[in-house]
Amino acid sequence: MDSIKGCNVKVVLKGGARLPVYSSSQAAGADICACLVDGSIVLEPHGWVAVPTGVYIELPVGYEAQIRPRSGLAAKFGVTVLNAPGTIDSDYRGEIKVILINHSDVPFVINDGDRIAQMVISKHETASFKICEDLSDTERGKGGFGSTGISSK
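Residues numbered from 1 in each chain as written. Predicted model: local features only at pLDDT ≥ 70, side-chain atom pairs only at ≥ 80, totals over all residues. Heavy atoms only, no water.

Visitor: Hey, could you run me through the environment of Lys 123 in this one?
Guide: With respect to the helices, strands and loops of the structure, Lys 123 is situated in strand β12 (residues 115–123). C-alpha separation for the pair Lys 123 and Asp 31, spaced 92 residues apart in sequence, amounts to 19 Å. (Helix = DSSP H or I, 4+ residues; strand = E, 2+ residues; numbered from the N terminus.)

Structure representation (structure tokens):
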């Protein structure tokens, strides 16, 4: 569980940071922990904060890391990743910070070492954009939000 098949990620840990860890042998996301050397953060109701992790990574070219919410924080406390998923590009070398938002009506305390998000690493494509005059027709066409309905019947 220490490495990804075909993708080695260099990691620098600063200030007592913890290495991202896969919690099970088939987990897609590695848990990311808060690194709070100055104590806890109180995330006020309906507020948001960028939580430091002390983790810096070097991804191979052609890979990205996505920072995603932990379902337990969302379901139990109403706390989630504000810009989910947050994308980390392979050329970024700064600290990973997780923007958490508290959708609940009560304060949420984040302590040093708390698992606050998960990181999924995957390959990606770089598209080549081509300007044209029109697009091919489809059954859906220009139908936007809600155009396919709600019911599965």
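Still more to cover.
Visitor: I keep staring at unusual backbone geometry and nothing clicks. Help me out?
Guide: Most peptide bonds take the trans form, and the phi angle of most residues other than glycine is negative. Note that the residue after Ala 84, namely Pro 85, is joined by a cis bond; omega there is -15°. Here Pro 85 is to be found in the loop between β8 (79–81) and β9 (86–88). Although it is not a glycine, His 46 adopts a positive phi angle of roughly 65°. Along the chain, the position of His 46 falls in the loop between β4 (41–43) and β5 (48–52).

Visitor: What am I meant to see in the side chain of Thr 53 here?
Guide: Mapped onto the elements, Thr 53 comes out in the loop between β5 and β6 (55–58). At 2.5 Å, the side chain of Thr 53 forms a polar contact with the backbone oxygen of Ile 96. Leave out the neighbours within four places in its chain, and Thr 53 touches Ala 17, Ile 32, Cys 33, Cys 35, Glu 95, Ile 96, Val 98 and Ile 116. (Polar contact = N/O pair within 3.5 Å; in protein donor to acceptor, adjacent residues only side chain to side chain. Contact = heavy atoms within 4.5 Å.)

Visitor: What should I look at first to understand the sheet that holds β8 in this one?
Guide: By definition, the strands of a sheet pair up through backbone hydrogen bonds, in either a parallel or an antiparallel sense. Across the sheet, which stays open at both edges, the 3 strands sit in the order β5-β10-β8 with antiparallel pairing between neighbours. The strands lining the two open edges of the sheet, one partner per strand, are β5 and β8. Neighbouring strand axes in the sheet, compared pairwise and without regard to direction, differ in orientation by 35° on average. In terms of strand pairing, β5 meets strand β10 (residues 97–102) through 5 bridges, oriented antiparallel. Bridged to Trp 48 within β10 is Ile 101. (Pairing = 2+ DSSP bridges. Axes fitted to C-alpha atoms, helices over the stretch in contact; angles between N-to-C directions.)

Visitor: How should the pattern of salt bridges be read in this particular structure?
Guide: One side chain can pair with another of opposite charge once the charged atoms of both are near each other. In this structure the tally under the stated criterion is 4 salt bridges. A salt bridge links Arg 115 to Asp 31; the shortest N-O distance between them is 2.8 Å. Placement of the pair is Arg 115 in strand β12 and Asp 31 in strand β3 (residues 30–33), with a sequence separation of 84 residues. Classification of Arg 115 as partly exposed rests on a relative accessible area of 40%. Overall, Asp 31 belongs to the buried group, its relative accessible area being 9%. As a salt-bridge pair, Arg 93 and Glu 58 come within 3.9 Å of each other at their nearest N and O atoms. (Salt bridge = Lys/Arg side-chain N within 4 Å of Asp/Glu carboxyl O. Buried < 20%, exposed > 50% of the residue type's maximum accessible area, 1.4 Å probe, protein only.)

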